[in-house]
Structure formats: structure tokens, C-alpha cells
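A closer look at the structure
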Amino acid sequence: MAPKRILSGMRPTGKLHLGNLHGALGNWVDLQNSGKYDCFYFVADWHALTSEYSSTKEIRDNISSMVIDWLSVGLDPQKCTLFVQSAIKEHAELFLLLSMITPLAWLERNPTYKEMKAELVSKDLSTFGFLGYPVLQAADIIMYKAYGVPVGVDQLPHVELTREIARRFNFLYAEIFPIPEPLLTGVPKLLGTDGRKMSKSYDNSIYISDRGSVLLQKISSMFTDPQRVKKSDPGNPEICNVFTFQNLYSEPETVKEIDANCRCAAIGCTDCKKILARRIAEVLKPVHERMDYYLKNPDEIREIIAEGNKKATKIARQTMGEVRAAVKI
Ligand code: TRP
Ligand code: SF4
């Protein structure tokens, strides 16, 4: 039996941070390496336009820096298919056809839509494209007849809408599309250096590409247990973001030692952070080596994407052949 296909995408927001690495991206790599799935991962650049339509100049550079991050952390074009949404025009055609059968009410009640519109007040998101965001996402997913969609909880409403749209298509025309399952990613709660959610827009992110003095400086500026003012105060690792990182990066014995020593004030935060910075640098060393390689070989990135686009196009053309026949258009 052919391995089940899974598909996921990311908007090209530029370089990725450690929150991304230990969330969605790490999960993509694990799914790829499990050998159980036929993995398709793509850059959702048309989706980026839904909110960035008035400032598009960074999108292209963001695509390549994001793909470099993907490859550096271990996505392997020998094991998965990497492509760019806007290169596969069939997505636009399927999006159009799906838009005909998607009731407006389904889109208007989408919680992600309501939240984002309320949050991003600086942008005018009262557009047709923004409302239709999940319809484009549905097209992305069902185009490849994906069985599973690895996403974080924030994307669950979109996968749910995809399922409804796919069912409606199957009901109206022909049973073409399998109904995709969300594959939820368990995400450790990594905060930014200032203790808020790690996010590019808060300027509190530690990037996958950070190293040397930049990395050291960011880690030394991290918020710790707020009750621990002086080095002689005992600390509580359970509420310390530095400790969350220690858990991810340091050896279990070191973590245990830090846990005990923090609670009895035998270790200070400065030393704890030095240990962490050294460890992150060590773990990311092979990632940074691959990154340097790809930065020096941009042609290789272009080839990888061209190859992935070709594979995706083949499937998309086949699906659209079936879709046009079913819709009789
Ligand atoms: N909406 C997703 C996000 O913002 C990106 C995305 C677009 C996607 N199309 C997709 C994710 C298809 C999974 C499947 O993260
Ligand atoms: Fe956090 Fe480490 Fe300081 Fe304890 S010693 S509060 S774990 S930074």
C-alpha cells in the first residue's frame, strides 16, 4: 500500500524562530523521518498576500529564507516534497470552484477570521481574499487528496472547514476527495525573551539562525522566575522560561542538577543561562552548517523548489482533470 499523504503549509513570514522549530516545523521533520507518510510541505505565499497585499516586497526573500530554515533543520527533499503554492496555478482554479459552493456563513463564523480581524487593526482586512482564506487552504489540502494535515490548534477551524467543503463537493458532484484528518502537534510552551509569546512582531524571538554573540546576548536577556530577585533567593524552575529551554536542550542529568540547584539558590541565573546558550549553540551547530552551505548555494535551493513544484504540478493536474469532469466545466 502506498504511504498515506500528508500536507502542510506555512506562510512565508521570513526566518523562523525556536518556537516554530519546536512546534510545527519539528513535527514536519519527525513525520518525514518516521517513513510512514508521503509528506508534502509548501510555502503558502498566496496566503501571505491575504494580509500583506499592500507590502509585498519582502515576500520573495522570505520564501527563500524560510526554505533555507526548513532544509537546515532537516527537511530532506529526498524524503519529502517541498513546493511553492503560487507556482501551482491549479490551486487558484480549485479555490475558485470551491468558492462557488462555500456558504458565506461558514466563513463569517470562522473564529480565526474574527480574531485576526480584531487583532490586526492596523491592516484593512475587510477583503474578499481574507474572508476566503480558508477556501484557499481547503484547495491546498484536497488538491493532493491528503489524508492528514499536521497543524497546531490555531488551524483546527480551517481543517474543519476543509472537511465540510470537501464533503459538500463530493455530495454535489462526485466522490473525489478523501476527508482529511487534522494531525495535532503537541507544542511545548516556549516564550520569547521578554516572557510573552514568542513572535516576530514582539521582537522577542530567538531565531534558528541566531548564533555567537547574538544568541548569547538574547539568552542572557531572558526573563526568569520573577520572584528571584537576588542570586541568594531560591528560584522556581517550573515557572521559568529558561528552564523550559533547558528541558529541550540540555542533557537530563544537567536538567536535574539545575532544577535542584535553582530551588536552593546554589546556581544563579547568569550561570544557568550560560549553560543554556552553550548547549543551544552546540545542538544547532549542524543546523548552522547546513544553513551556511545553502546560503552559499542558492542555485541548489532553486533546484529543490523546481523539483518539488514539478511533483506537485503532476498531482494537481490530475486532480483538476477529475474535478473539471465532475463539475462538467
Ligand atoms: N493557514 C496556515 C497557517 O497560517 C498555512 C496554510 C495554508 C496551511 N494552507 C495550508 C496549513 C494547508 C496546512 C494546510 O499556518
Ligand atoms: Fe530559571 Fe535557571 Fe534562574 Fe532557576 S537558575 S530561575 S531555572 S534561569
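To start, this report covers the structure provided alongside it. Just so we're clear, the structure is a prediction, and the values are computed from it rather than from any experiment.

Observations concerning the overall build of the protein chain
For the protein chain, the helix and strand inventory stands at 14 helices and five strands. For the protein chain, the C-alpha radius of gyration of 22 Å lies close to 20 Å, the compact-globule estimate for 329 residues. The dimensions of the protein chain, computed from C-alpha atoms along their principal axes, are 75 × 40 × 40 Å. Sorting the 329 residues of the protein chain into buried and exposed places 48% on the buried side. Look at the contacts in the protein chain between residues 6 or more apart in sequence, and 78% of them connect residues 24 or more apart. Working note: accessible area of the protein chain is about 16,700 Å², and carbon and sulfur atoms make up 55% of it. Across the protein chain, the mean location of the 42 positive side-chain charges is 1 Å away from that of the 39 negative side-chain charges.

A few points about the site of ligand 2
Taken together, Thr224, Asp225, Arg228, Cys240, Val242, Phe243, Cys262, Cys269 and Cys272 make up the full set of residues adjacent to ligand 2. Where the shell around ligand 2 is concerned, the elements lending two or more residues are helix H11 (241–249) and helix H13 (269–296). Taken together, the residues that form the shell around ligand 2 break down as six nonpolar, one polar and two charged.

Regarding the packing of helix H3 (residues 59–72) against H13
Where H3 contacts H13, the axes come no closer than 8 Å and their chain directions differ by 135°. By the angle between their axes, H3 is oblique relative to H13. The two elements H3 and H13 meet at a crossing, and its hand is right-handed. Residues Ile68, Asp69, Leu71 and Ser72 of H3 form the contact with H13, whose participating residues are Val287, Arg290, Met291, Tyr294 and Leu295. Residue composition of the contact of H3 with H13, by class: six nonpolar, one polar and two charged.

Criteria and thresholds
- Residues numbered from 1 in each chain as written.
- Chains lettered and ligands numbered in written order.
- Predicted model: local features only at pLDDT ≥ 70, side-chain atom pairs only at ≥ 80, totals over all residues.
- Heavy atoms only, no water.
- Helix = DSSP H or I, 4+ residues; strand = E, 2+ residues; numbered from the N terminus.
- Rg over C-alpha atoms; globule rule 2.2 N^0.38 Å.
- Buried < 20%, exposed > 50% of the residue type's maximum accessible area, 1.4 Å probe, protein only.
- Contact = heavy atoms within 4.5 Å.
- Areas by Shrake-Rupley, 256 points an atom, 1.4 Å probe, with all protein chains shown as cover.
- Lys, Arg positive; Asp, Glu negative; His and termini not counted.
- Charge placed at Lys NZ, Arg CZ, Asp CG, Glu CD.
- Near = heavy atom within 4 Å.
- Nonpolar A, V, L, I, M, F, W, Y, C, P; charged D, E, K, R; others polar.
- Axes fitted to C-alpha atoms, helices over the stretch in contact; angles between N-to-C directions.
- Parallel < 35°, antiparallel > 145°, perpendicular 65-115°, else oblique.
- Left-handed = near helix turned anticlockwise from the far one by under 90°.

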